[in-house]
Amino acid sequence: MHLTRGRRSRKPRDTEPADKGAASADGLPSVIPDTVRAPSADDNEFRSLAESAGAMVVGTIGGTRASPDPRLFVGSGKAEEIRQAVVTLGATVVLVDHPLSPSQERNLEAELKCRVLDRTGLILDIFAQRARTFEGKLQVELAQLKHLGTRLVRGWTHLERQKGGIGLRGPGETQLETDRRLLGKRIQTLNARLDRVVVQRETTRRERKRASIPTIAVVGYTNAGKSTLFNTLTGAGTFAADRLFATLDPTLRRLELPDARYALLADTVGFVRDLPHELVAAFRSTLQEARESVLLLHVIDAADPQRDERIAQVNAVLSEVGAGDLPQIEVFNKIDLLGGVPKIDYAADDQGAADVKQARRIWLSARSGDGMELLVGALGAYLGPQLIQMNLVLPPDAGRARARFYAAGAVLNELTTEEGGTALSISMPRLAFERICRSEGLPLPSEVLAVPTSEVALEKDQVAPTDACAL
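Residues numbered from 1 in each chain as written. Predicted model: local features only at pLDDT ≥ 70, side-chain atom pairs only at ≥ 80, totals over all residues. Heavy atoms only, no water.

Brief notes about the overall build of the chain
Quick reminder of the rule: In this text, helices come from DSSP runs of H or I with a minimum length of four residues, and strands from runs of E with a minimum of two, each type numbered from the N-terminal end. A simple rule labels every residue: compare its accessible area, found with a 1.4 Å probe on the protein chains alone, to the largest value its type can have, and call it buried under 20%, exposed over 50%, or partly exposed in between. The accessible surface values rely on the Shrake-Rupley method and a 1.4 Å probe; as for residues, cover is taken only from the protein chains in view.
On a plain count of helices and strands, the chain comes out with 13 helices and 18 strands. Residues counted as buried form 49% of the 471 residues belonging to the chain. When the accessible area of the chain is evaluated, it comes to approximately 22,100 Å², of which 51% is carbon and sulfur surface.

Structure below.
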């Protein structure tokens with residue numbers, strides 16, 4: 001258990017005024033003194049979360065237990081030990097590195113005589129401090145209100161009475177019910193505003209598709225160096241710091257590629273273990289950039305002793321938001337901390353030889369710039385020619401594939417064949433074309449005509465069913 005003292009830099013949205021200090025518990029308690037147990041990587045991460053929220057850690061209490069106590073989460077003896085530590089160290093908040101039920105949180109506060117915040121509440125508080133854009137603030141507030149909805153009873157135990165008096169007889173409404181009703185209305189308002197933001201994002205995304213501009217999303221565990229890599233590649237100048245969730249709001253910038261080509265690079269919110277489900281749900285529209293990208297750059301802290309676990313945790317969140325099946329290039333960052341040298345690992349082709357068009361892992365240092373040319377070259381080789389232009393014939397039962405080509409803004413002209421099929425002339429990114437073919441069960445053509453974006457697209461009168469590539 002960490003014991004902390006400090007002041008927040010700003011008032012959180014759903015908490016009380018700035019705290020004098022905090023105490024935090026990690027794991028399922030049954031005390032093991034710090035002199036016996038060295039801090040684990042998860043201990044250090046939770047300490048960093050507390051410091052990112054503005055608290056100053058003054059101590060730690062940790063331990064093990066077969067199962068959480070349903071009333072206090074910890075045993076009565078452990079609760080007394082925590083209470084004594086809070087009094088001795090003058091802490092005002094206990095931070096628990098574990099999700100607590102509303103009743104456990106209330107009972108612990110009554111037992112410890114101070115505020116108790118679980119891991120979910122702590123991460124929500126950090127996000128509230130980091131949000132800067134209108135969309136980011138809406139998403140964080142929505143997640144906070146959903147989390148707060150199950151904890152309203154704590155603040156109104158003294159007002160749980162029906163209204164009464166002369167002329168006011170009847171069932172009435174408790175203060176708690178009033179708050180729940182107002183909370184529900186606010187959540188509906190936020191959802192409506194976020195829906196409008198989603199429509200705006202979809203419009204922008206559709207225009208990018210019509211312009212055949214591929215999008216590459218930068219994803220990874222928090223503090224892995226995503227923003228530093230993003231700045232080095234694009235010169236965006238977004239805020240980057242050695243702390244958890246240094247940046248929250250998504251950013252898109254142009255990325256120059258070899259042969260005068262370019263793509264859009266999207267910097268997304270960092271992930272963390274046990275990321276609250278409220279945040280994952282609230283940030284689905286932001287994470288849409290990852291779902292709609294043609295490639296994911298999975299940034300990994302090469303110096304992290306738990307990097308394999310971090311990789312699995314990021315992939316789990318990507319699967320949860322619908323981006324688990326997208327192709328990835330793993331970028332092992334911070335090799336300067338290991339004294340390593342930049343290198344690139346390629347995937348194997350069907351014959352077992354290295355496929356120079358399919359980079360699998362790239363080892364580099366975004367801070368020093370070592371190995372960045374390997375990454376840019378790998379992106380150019382992976383994306384290949386930016387556009388393909390070809391004629392194809394779809395069978396009569398491939399209506400959904402036809403609709404997807406239109407949705408991608410790829411159709412230049414359309415003719416109906418004598419057999420009832422559809423002859424399309426399309427111009428679109430190669431990877432997007434292959435994705436539609438695979439998802440719709442259409443065989444890929446053996447030969448695809450690829451041209452750079454600077455060349456003139458096919459004119460409508462150039463389409464002829466006899467020249468079409470049958471699928």
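Having seen it, we continue.
Observations concerning the environment of Gly 90
Within the fold, Gly 90 resides in the loop between helix H2 (76-89) and strand S5 (93-97). Spatially, the C-alpha atoms of Gly 90 and Val 58 are 9.7 Å apart, while their sequence positions differ by 32 residues.

Brief notes about the packing of aromatic side chains
Put simply, the rule reads: Put simply, two rings from Phe, Tyr or Trp (the six-membered ring, in Trp's case) pair if the centres are within 6.5 Å, and we call them stacked under 30 degrees between planes, edge-to-face over 60, tilted for the rest. Only when the NZ of Lys or the CZ of Arg is both within 6 Å of the ring centre and within 35 degrees of the ring normal is a charge said to sit over the ring.
Evaluation of the coordinates by the stated rule reveals 2 aromatic pairs. Considering the side-chain rings of Phe 332 and Trp 363, the 4.3 Å spacing of their centres and the 15° angle between planes classify their relative orientation as stacked. Within this pair, whereas Phe 332 is found in strand S11 (residues 328-333), its partner Trp 363 is found in strand S13 (residues 354-363), the two being separated by 31 residues in sequence. Here Lys 343 stacks its cationic end above the ring of Trp 363, 5.1 Å away from the centre of that ring.

Topic: the environment of Gly 324
We count it as follows: Contact definition: two residues touch when any of their heavy atoms are within 4.5 Å.
As for its position among the elements, Gly 324 is in the loop between helix H10 (307-320) and S11. A relative accessible area of 34% places Gly 324 in the partly exposed class. When the C-alpha positions of Gly 324 and Arg 291 are compared, they lie 8.5 Å apart, and in sequence the two are 33 residues distant. In this structure Gly 324 touches Leu 318 and Ser 319, once residues within four positions along its chain are discounted.

Some details on the environment of Thr 416
Mapped onto the fold, Thr 416 is located in strand S15 (residues 411-416). Classification of Thr 416 by relative accessible area gives exposed; the value is 64%. Residues Thr 416 and Val 393, spaced 23 residues apart in sequence, show a C-alpha to C-alpha distance of 9.0 Å.

Describing the nonpolar core
Here is the rule: We call a set of buried residues a nonpolar core when its members are Ala, Val, Leu, Ile, Met, Phe, Trp, Tyr or Cys and they connect through side-chain atoms within 4.5 Å of each other.
Counting 32 residues, the largest nonpolar core has Leu 49, Leu 95, Leu 122, Phe 271, Leu 275, Leu 296 and Leu 318 as the members making the most contacts within it. Put simply, the parts of the chain that give this core at least two residues each are helix H1 (41-52), S5, helix H4 (119-130), strand S7 (215-220) and H10. Per-element tally for this core: the top contributor is H4, with 5 residues. Beyond its immediate sequence surroundings of up to four residues, Leu 122 is in contact with Phe 46, Leu 49, Ala 50, Ala 53, Leu 95 and Leu 117. One finds Leu 233, Leu 295, Met 372 and Ala 378 within the second-largest nonpolar core, a separate group that totals 27 residues.

Focus on the packing of H4 against helix H5 (residues 134-148)
Here is the rule: The convention used is that axes are lines fitted to C-alpha atoms, helices contributing only their stretch in contact, and that angles between N-to-C directions extend from 0 to 180 degrees. Oblique is the label for any angle not covered by the other classes, which are roughly parallel (under 35 degrees), roughly antiparallel (over 145) and roughly perpendicular (65 to 115). Crossings are assigned a handedness: left-handed for a near helix turned anticlockwise from the far helix by less than a right angle, right-handed for a clockwise turn. As a working rule, the residues Ala, Val, Leu, Ile, Met, Phe, Trp, Tyr, Cys and Pro are called nonpolar, Asp, Glu, Lys and Arg charged, and the rest polar, with Gly in that last group.
Two numbers describe how H4 lies on H5: the axes approach to 10 Å, and their chain directions differ by 155°. Between H4 and H5, the interaxial angle falls into the category roughly antiparallel. Considering only the axes of H4 and H5, their crossing is left-handed. Residues Thr 120, Gly 121, Leu 124, Phe 127 and Ala 128 of H4 lie in contact with H5, whose contacting residues are Val 140, Ala 143, Gln 144 and His 147. Each residue belonging to the contact of H4 with H5 can be placed in one class, and the counts come to 5 nonpolar, 4 polar and no charged.

A look at unusual backbone geometry
Keep in mind that most residues, glycine aside, have a negative phi and that most peptide bonds are trans. In this structure, Asn 223 is a non-glycine residue whose phi angle is positive, near 65°. When you line up the elements, Asn 223 lands in the loop between S7 and helix H7 (226-234). Looking at Asn 223, the relative accessible area reads 24%, which means it is partly exposed. We note that Lys 334 has phi near 65°; this positive angle belongs to a residue other than glycine.

A short note on the pattern of salt bridges
To keep things clear, this is the line we draw: Any carboxyl oxygen of Asp or Glu within 4 Å of a side-chain nitrogen of Lys or Arg constitutes a salt bridge here.
Tallied over the entire structure, the rule returns 17 salt bridges. Glu 440 is the salt-bridge partner of Arg 400, the closest N and O atoms lying 2.9 Å from each other. With a gap of 40 residues between them, Arg 400 in helix H12 (residues 399-407) and Glu 440 in the loop between helix H13 (430-439) and strand S17 (450-451) connect regions that are remote in the sequence. When its relative accessible area of 57% is taken as the criterion, Arg 400 is described as exposed. Taken together, the shared-partner salt bridges connect Glu 45, Asp 97, Arg 119, Asp 304 and Arg 310 into one network.

Points about the packing of H12 against H13
Contact pair H12 / H13: the axes reach a minimum separation of 10 Å and the direction vectors enclose 160°. When the axis of H12 is compared with that of H13, the two are roughly antiparallel. Along this stretch, H12 crosses H13, giving a crossing that reads as right-handed. Across from Arg 400, Arg 404 and Phe 405 in H12, the residues of H13 making contact are Phe 433, Ile 436 and Ser 439.

Topic: H7
Most of H7 is tucked away, with 7 of its 9 residues classed as buried. Those residues of H7 that sit buried are Lys 226, Ser 227, Leu 229, Phe 230, Asn 231, Leu 233 and Thr 234. Along its buried surface, H7 packs onto S7, strand S8 (251-257), strand S9 (261-267), strand S10 (295-301), S11 and helix H11 (372-383). Downstream of H7 by one or two residues, Gly 235 has phi in the positive range, about 65°.

Topic: the pairing of S15
Applicable threshold: Strand pairing requires that DSSP identify at least two bridges connecting the strands.
Across 5 bridges, S15 lies against strand S16 (residues 422-428) in antiparallel orientation. Across the sheet, residue Thr 416 finds its bridge partner in S16, namely Thr 422. What sits between the antiparallel neighbours S15 and S16 is a turn of 5 residues, in which Gly 420 has the positive phi angle 90°.

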